[in-house]
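Structural overview
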Amino acid sequence: FGLFTLDPGFRSTASCESKLTFIDGDKGVLQHRGYSIEELAEKSTYLEVCYLLDMGELPTQAQFDEFKHLIATHTMVHEQLLRFYSGYRRDAHPMALMVGVVGALSAFYHDSLNIRDPRHREITVHRLVAKIPTIAAAAYKYSKGQPFVYPNNKLSYSANFLTMMFDTPCDEYVPHPVVVRAMDRILILHADHEQNASTSTVRLAGSSLANPFSAVSAGISALWGPAHGGANEAVLRMLKEIGTADRIPEFIQRAKDPDDPFRLMGFGHRVYKNTDPRARVLKQSCDEVLEVVGAGEQEIFKIAMKLEEIALQDEYFIQRKLFPNVDFYSGIILSAIGIPTNMFTCIFAVARTIGWITQWKEMIEEPGQAIGRPRQLYTGYDIRPYKPISERG
Ligand code: CMC
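Residues numbered from 1 in each chain as written. Predicted model: local features only at pLDDT ≥ 70, side-chain atom pairs only at ≥ 80, totals over all residues. Heavy atoms only, no water.

Here's the deal with a positive patch on the surface
On the surface, Arg11, Arg270, Lys273 and Lys321 cluster together into a positively charged patch. Relative to the assigned elements, lysine 321 resides in the loop between helix H15 (315–319) and helix H16 (326–336). (Patch = residues over 30% accessible without salt bridge, like charges linked within 9 Å, V, L, I, M, F, W, Y side chains within 5 Å. Areas by Shrake-Rupley, 256 points an atom, 1.4 Å probe, with all protein chains shown as cover. Salt bridge = Lys/Arg side-chain N within 4 Å of Asp/Glu carboxyl O. Lys, Arg positive; Asp, Glu negative; His and termini not counted. Charge placed at Lys NZ, Arg CZ, Asp CG, Glu CD. Helix = DSSP H or I, 4+ residues; strand = E, 2+ residues; numbered from the N terminus.)

If you want it as structure tokens, here you go:
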């Protein structure tokens, strides 16, 4: 004892240095490579943010054209990879498929396993960013029993993703521009978030020099939980369970009860203790999307706004600095554009893939990079003699 400092939940331990993302939790600030998330969400596109996170600067037109071309080269997945899906139960959670299929990429792209070669690291970034929407959309199609839809490189990143989700051989799907913009914005807002649980998992798995596909697959596993990426799914289930505004106080009461494990989903954040800037942007997007689609979600949105209003006036939430986080609104938007609840976390995974893989790249390229190996404070027995089984009990 005394050699190490105990820091459960890593509340006060910085695990690495990084140039990708800056967060000031008290002021509600989030920046990627020095650009504010509000400005990026307003003026940029998801693919441009991918370039920014990967290369460190916003691209010139020529650089961006080349990047888009490189991504387009990799949007398809190997036909044999698509056969993996049929090994899963039809009712499997799509995140289970994502964990497996992304991990399986390492069996298909052997050159990407050469992590010491910067060219191969870059190809891995392109492969993952390009293929992850194809993989997620295929997980959805498999759960529906519908044929897979191949990527269409003439479409934007988000329009292509939506089309792979919703197009069928008998009914052409053309997404509304407002819906495409909202999807792109959701992807931008989830692109990276410094050392959250899934990103730290990717770094830790990758620190053993494991291949990047298995490291990202580990990240997807960590993201799945309701305290992290699974929260948007849980928010929508909670809002539907609340059902009518008059039941909100009952749920607030439950969230405050120390003997009830229930928490208000979409509220609170480990780092943001004032406001989550991503939630602010998404609240606006909610209005825009609900105007053009998702009349059914209007009621849910009203309940969400009322819940937010009541919670923000309640001493319990004020004292603990609990505010709506990004997931409070993303679920409503996704639901309004027809995305089923069990796909919400997959979309988070699609968005976060650029964050995971660029954080992985940053770590691998660090001089003196070492395997992540935390210590512990042992609280078990002192040394004691072994007793034969006949003498126990
Ligand atoms: N509802 C009710 N009480 C809460 C909530 C909530 N959503 N969140 C925290 N608290 C209470 C908690 O019970 C504790 O109270 P007390 O001090 O009386 O014991 C206090 O606030 C501090 O909570 P904590 O668990 O120590 O805080 P944390 O920083 O470890 O947890 C969190 C952060 C996000 C896991 C947590 O706020 C939570 O479970 N929120 C709901 C799930 C959620 O929305 N997750 C999405 C996070 S944003 C997306 C992402 O980045 O993944």
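Quick look at the pairing of strand S2 (residues 29–32)
Here S2 shows a buried face lined by Leu30 and His32 and an unburied face lined by Val29 and Gln31. Note that strand S1 (residues 21–24) and S2 share four bridges and pair antiparallel. Its bridge partner lying in S2, phenylalanine 22 is registered against glutamine 31. What sits between the antiparallel neighbours S1 and S2 is a turn of four residues, in which glycine 28 has the positive phi angle 70°. Relative to strand S3 (residues 35–36), S2 is paired through two bridges, and the arrangement is antiparallel. Bridge pairing in S3 places glutamine 31 opposite serine 36. (Buried < 20%, exposed > 50% of the residue type's maximum accessible area, 1.4 Å probe, protein only. Pairing = 2+ DSSP bridges.)

Section: the sheet that holds S3
A sheet is described by the order of its strands in space; here three strands give the open sequence S1-S2-S3, paired in antiparallel fashion. Among the strands making up the open sheet, the edge pair consists of S1 and S3.

So, the site of the ligand
If you check the shell around the ligand, you find 21 residues, and the closest are His228, Arg263, Leu264, Gly266 and Arg270. Alanine 227 places a main-chain nitrogen or oxygen 3.3 Å from a nitrogen atom of the ligand. Split by residue class, the shell around the ligand holds nine nonpolar, six polar and six charged. (Near = heavy atom within 4 Å. Polar contact = N/O pair within 3.5 Å; in protein donor to acceptor, adjacent residues only side chain to side chain. Nonpolar A, V, L, I, M, F, W, Y, C, P; charged D, E, K, R; others polar.)

So, the state of the cysteines
Among covalent bonds in proteins, the disulfide is the one between the sulfur atoms of two cysteines. Scanning the model with the defined rule gives zero disulfides in all. With no disulfide of its own, cysteine 16 lies closest to cysteine 50 among cysteine sulfurs, the gap being 20 Å. Take cysteine 16: its relative accessible area is 24%, and that puts it in the partly exposed class. On the basis of relative accessible area, cysteine 50 is assigned to the buried category, the value being 0%. (Disulfide = S-S within 2.5 Å.)

Some words on the side chain of arginine 352
With respect to the helices and strands, arginine 352 occurs in helix H17 (residues 344–364). The side chain of arginine 352 is buried and forms no salt bridge, while aspartate 192, the nearest opposite charge, is found at 5.0 Å. Those residues within four positions of arginine 352 in sequence are excluded, and the remaining contacts are His190, Ala191, Asp192, His193, Asn196, Ser198, Thr199, His228 and Arg278. (Contact = heavy atoms within 4.5 Å.)

Observations concerning the pattern of salt bridges
Counted according to the given criterion, the structure contains 21 salt bridges. The salt bridge partner of aspartate 54 is lysine 361, with a shortest N-O separation of 2.8 Å. Taken together, the positions of aspartate 54 in helix H2 (residues 46–55) and lysine 361 in helix H17 put the pair 307 residues apart, joining distant regions of the chain. Since its relative accessible area comes to 6%, aspartate 54 is described here as buried. Residues joined in a network through salt bridges with shared partners are Glu42, Arg185 and Glu288.

Notes on the UniProt feature "active site" (unreviewed entry) in the protein chain
Residues annotated in UniProt with the feature "active site" (unreviewed entry) correspond here to His269 and Asp327. A compact arrangement is adopted by the annotated residues: their sequence extent is 59 residues, whereas the largest C-alpha distance between any two is 10.5 Å. In this structure, histidine 269 sits in the loop between helix H12 (248–256) and helix H13 (277–292). The residues touching histidine 269, leaving out its near neighbours within four places in the chain, are His193 and Arg278. One can find aspartate 327 in helix H16. Sequence-distant contacts of aspartate 327, that is, excluding residues within four places in its chain, are made with His190, His228, Ala231, Asn232, Val235 and Phe348. (UniProt positions renumbered as here; feature names shortened; annotations may be inferred.)

Observations regarding the packing of aromatic side chains
For the structure on display, the rule yields 13 aromatic pairs. Relative to tyrosine 173, the ring of phenylalanine 166 lies with its centre 5.3 Å away and its plane at 55°, an arrangement referred to as tilted. Considered together, phenylalanine 166 and tyrosine 173 belong to a single accessibility category, that of buried residues. Seen from their ring centres, phenylalanine 301 and tyrosine 329 are 6.3 Å apart, and the 70° between their planes marks the pair as edge-to-face. Linking phenylalanine 301 in helix H14 (residues 297–312) with tyrosine 329 in helix H16, this pair joins segments that are 28 residues apart in sequence. (Phe/Tyr/Trp six-rings, centres within 6.5 Å; stacked < 30°, edge-to-face > 60°.)

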